[in-house]
Amino acid sequence: MKKKLLSLLLVLAMVMVFSGCADKSNTGGKDAGANGDEHYPVTFSTYNYAGEPVEFTVNKAPEKVICAYQNNIELMLRLGLGDKIVAAFGLDGPVAEDLKDEFAKIKYTQKPISKEEAIALSPDFILGWYSLFGEKNFGDVGYWHGTGCGTYMSLNSGCRKATKGYKQTIDDEFADILTIGKIFNVEEKAKKLVDDIRNEIAKIEKYTKDKHKVGIAILEDEGDSFRVYGVDTLGGDIAVKGGAKLTIGAENSENVSAEELIAKDPEAIFMIYFEGYNTPEDAVNSILKNPKLQSLQAVKNKKVFALNLTNVYCSGYRSYIGVKTIAENLYPELYK
């Protein structure tokens, strides 16, 4: 009797083992999320408000997303994820023309929502910039992670500013796009967006390889001086990728005076503008119509161009527009 009982228990144990193995295979085992999708769980790195790297894991694609600022809103729409957005805010300019129909479907307000309003929406993901997670806004990411809500900060939004020797680059924008693609399980779409930008850069590099690189400055009028988008900024990196040489900002991004600008005398100048601050015309005329700057070759040759901030700061897919804007104005023959 004991032998029969032991044999029966052994058979049952073996059935349970094999059943467990079969179940693990069917659901993706260790790599399967709570919904049985083999893509999940996905663990990714982001930052807290102290600038420290933190990790978060999603077990399925987020369904209720609060989305802040131009790069993130437009990226979600380009990835076909507009239906996931429960609240959006913070555009610095008109949404891209090819996204207007999808944009019209989402809940957007120009004014940022409060932390209390955000909590009431019960989001499972928040996509924004470093500044969004300050105490006066949504609060540190630790609070949200504690509720099970994931967060992601755009890398060039300042979350790594305490990192020694850190420079903003277009590669960071690629990383943002690819990470969001992975989190929402749309990696092929994300890769296509990155490839679009890389292919444009490759075309420009090929064309300008043996040509004179036009010396430029990317500036923002601050009244008594000009803010410089130099070598350590995304704008500076985009300019170089667009075939330019930084006449101003090659060493750092310290502001320059009108006198310093005259002394450097760049061949072309790109002036930053954004909604709520100035217009493209105002930005260009701050140079062209400035009596102090009439000796500049860029003024004499009318090589002063407007450049939207959204294309050179946390620009996401708009990095494509930034690179192309630089190249089109410096090497128009490339686009004929």
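Here the structure is a predicted model, which means the values were calculated and not measured. (Residues numbered from 1 in each chain as written. Predicted model: local features only at pLDDT ≥ 70, side-chain atom pairs only at ≥ 80, totals over all residues. Heavy atoms only, no water.)

### Here's the deal with the sheet that holds strand 7 (residues 150–153)
In spatial order, the strands read 5-4-3-6-7; together these five strands make up an open sheet with parallel pairing. Where the open sheet ends on each side, the last strands, each with one partner, are strand 5 (108–109) and strand 7. Bridge analysis of strand 4 (residues 85–89) against strand 5 gives two bridges, and the strand direction is parallel. Along strand 5, the bridge assignment pairs A88 with Y108. Strand contacts of helix 2 (residues 70–78): strand 3 (65–68), strand 4, strand 5 and strand 6 (125–128), with the helix running at about 130 degrees to strand 3, the strand carrying the most contacts. Seen against the sheet, helix 6 (residues 170–183) touches strand 6 and strand 7 and runs at an angle of roughly 165 degrees to strand 7. (Pairing = 2+ DSSP bridges. Helix = DSSP H or I, 4+ residues; strand = E, 2+ residues; numbered from the N terminus. Contact = heavy atoms within 4.5 Å. Axes fitted to C-alpha atoms, helices over the stretch in contact; angles between N-to-C directions.)

### A look at unusual backbone geometry
In this model, Y40 is joined to P41 through a cis peptide bond whose omega is 10 degrees. Mapping P41 onto the fold places it in the loop between helix 1 (2–27) and strand 1 (42–47). Despite not being glycine, K302 shows a phi value in the positive range, around 50 degrees. With relative accessibility at 62%, the residue K302 sits in the exposed group. (Buried < 20%, exposed > 50% of the residue type's maximum accessible area, 1.4 Å probe, protein only.)

### Notes on the side chain of S315
Looking at where S315 falls in the secondary structure, it is placed in the loop between strand 12 (304–308) and helix 12 (319–330). A distance of 2.7 Å separates a polar atom in the side chain of S315 from a polar atom in the side chain of S319. What S315 contacts, discounting residues up to four positions off in sequence, is N71, E173, L234, I238 and T310. (Polar contact = N/O pair within 3.5 Å; in protein donor to acceptor, adjacent residues only side chain to side chain.)

### A look at the pattern of salt bridges
Counted by the stated rule, this structure contains 12 salt bridges. Two residues, R318 and E74, come together in a salt bridge whose shortest N-O distance is 2.8 Å. Of this pair, R318 sits in the loop between strand 12 and helix 12 while E74 sits in helix 2, and the two are 244 residues apart along the sequence. Each member of the pair, R318 as well as E74, carries the same accessibility label: buried. In this structure, the salt-bridge partner of K192 is D196, at a minimum N-O distance of 2.9 Å. Of the two residues, K192 and D196 both sit in helix 7 (residues 187–208), four residues apart, roughly one turn of that helix. (Salt bridge = Lys/Arg side-chain N within 4 Å of Asp/Glu carboxyl O.)

### Some words on the environment of Y317
Inspection of the secondary structure puts Y317 in the loop between strand 12 and helix 12. In this structure, the C-alpha to C-alpha distance between Y317 and I197, residues 120 residues apart in sequence, is 7.6 Å. When residues no more than four places from it in sequence are discounted, the contact partners of Y317 are R78, I177, L193, D196 and I197.

### Structural notes on helix 2
In terms of residue burial, helix 2 counts as a mostly covered element, since eight of its nine residues are buried. After helix 2 finishes, the residue G80 shows a positive phi value of roughly 75 degrees.

### Observations concerning the environment of E97
Here E97 is to be found in the loop between strand 4 and helix 3 (100–103). For E97, a relative accessible area of 63% corresponds to the exposed category. In terms of polar contacts, E97 uses its side chain to reach the side chain of K100, at 3.1 Å.

### Digging into the confidence of the model for the protein chain
With 89% of its residues at a pLDDT of at least 70, the protein chain reaches an overall mean of 90. A low-confidence stretch, residues 1–35 (pLDDT under 50), is modelled with 22 contacts involving residues beyond four sequence positions or located in other chains. (pLDDT = per-residue confidence, 0-100.)

### A few points about the side chain of T233
Summarising the element assignment, T233 is placed in the loop between strand 9 (226–228) and helix 8 (234–241). In this structure T233 comes out as buried when scored by relative accessible area, which is 14%. A polar contact is formed between the side chain of T233 and the backbone oxygen of G230, at a distance of 2.8 Å. Residue contacts for T233: discarding those within four places in its chain leaves Q168 and S253.

### Thoughts on the nonpolar core
By size, the foremost hydrophobic cluster in this structure holds 83 residues, and its most contacted members are M76, F138, I180, F184, I216, I218 and L330. In terms of residue count, the dominant contributor to this core is helix 7 (six residues). Not counting the four nearest positions on each side in its chain, I218 is found in contact with R227, V228, Y229, G235, A239, F270, I272, L307 and I326. L219, V228, L293 and V299 belong to the second largest nonpolar core, which has 19 residues in total. (Core = buried A, V, L, I, M, F, W, Y, C linked by side-chain atoms within 4.5 Å.)

### Quick notes on the environment of T279
Among the secondary structure elements, T279 is positioned in the loop between strand 11 (268–273) and helix 10 (280–288). Judged by relative accessible area, which is 32%, T279 ranks as partly exposed. A polar atom in the side chain of T279 sits 3.0 Å from the backbone nitrogen of D282.

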